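Chains, contacts and geometry: an overview
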Amino acid sequence: AGTQYFEDDECKACPSTSTCPSPPCSALTECTCPANHYVEKSGNSWSCTACKTGQTKAATAIPSTDGSGGETASACSAATSCEANQYLTEDADSGKNYCEACPEGSTSSDGSSRTCTCGGTQYFDDDECKACPSTSTCPSPPCSALTE
């Protein structure tokens, strides 16, 4: 794959992470954004924007030279499972699930988990696991406050 196309008697770069899958390419519309990216128009230029972690999408060609036909994040499919120490959460803009990393010190139980759990000597506060004071423990994790 190449990273340029030939137009108006000169070589021009394909937008952002897009490539020309079968060089030589003779038009911007032959440049293709890679899988798991959507084609977005910003101002006068195209870009390939990554889907959120765990979301997928097929590779897509730049749709036009006049700026019509761009995509949004909703073009990415929802995540259905996540890797270790990530959890499924819903994107407020698209309404589709994606994977978010668990806060440091916490883990998720499996790929479809919607929460992360702190260790037995920790409690969850302000989106992070914090250590319980001295020799105290959390009797039945997950604990969500220091008072547990």
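Only a predicted model underlies this, so the values are computations on that prediction, with no experimental measurement involved.

With that settled, consider the pattern of salt bridges. When the charged atoms of two side chains with opposite charge come close together, those side chains can pair. The tally for this structure, following the rule as stated, stands at four salt bridges. Ionic pairing is found between K12 and E7, a salt bridge with its closest N-O pair at 3.5 Å. A relative accessible area of 23% places K12 in the partly exposed class. In this structure E7 comes out as partly exposed when scored by relative accessible area, which is 22%. Of the charged contacts, one joins D91 and K52 as a salt bridge, the two residues approaching to 2.8 Å between their closest N and O atoms. Remark: K52 occurs in the loop between β5 (45-50) and β6 (60-61) and D91 occurs in the loop between β7 (86-90) and β8 (97-101); sequence separation between them is 39 residues. According to the relative accessible area criterion, K52 is partly exposed, its value standing at 34%. Each of E7, D8 and K12 takes part in one network of salt bridges that share partners.

The next point concerns the state of the cysteines. What the rule picks out here adds up to seven disulfides. Note on cysteine connectivity: C14 is disulfide-linked to C31, with sulfurs 2.2 Å apart. Classification of the bridge connecting C14 and C31 rests on its S-S torsion, roughly -70°, and on that basis the disulfide is left-handed. In this pair, C14 is assigned in the loop between β2 (10-13) and β3 (32-33) and C31 in the loop between β2 and β3, connecting sequence segments 17 residues apart. The disulfide that involves C82 links it to C99, with 2.2 Å between the sulfurs. Across the S-S bond of C82 and C99 the torsion is about -95°, and the bridge reads as left-handed. Taken together, the residues C82 in the loop between β6 and β7 and C99 in strand β8 connect sequence positions 17 residues apart. Of the two residues examined, C82 and C99, each falls in the buried class.

Here is what the cut-offs are and how they apply
Residues numbered from 1 in each chain as written. Predicted model: local features only at pLDDT ≥ 70, side-chain atom pairs only at ≥ 80, totals over all residues. Heavy atoms only, no water. Salt bridge = Lys/Arg side-chain N within 4 Å of Asp/Glu carboxyl O. Buried < 20%, exposed > 50% of the residue type's maximum accessible area, 1.4 Å probe, protein only. Helix = DSSP H or I, 4+ residues; strand = E, 2+ residues; numbered from the N terminus. Disulfide = S-S within 2.5 Å.

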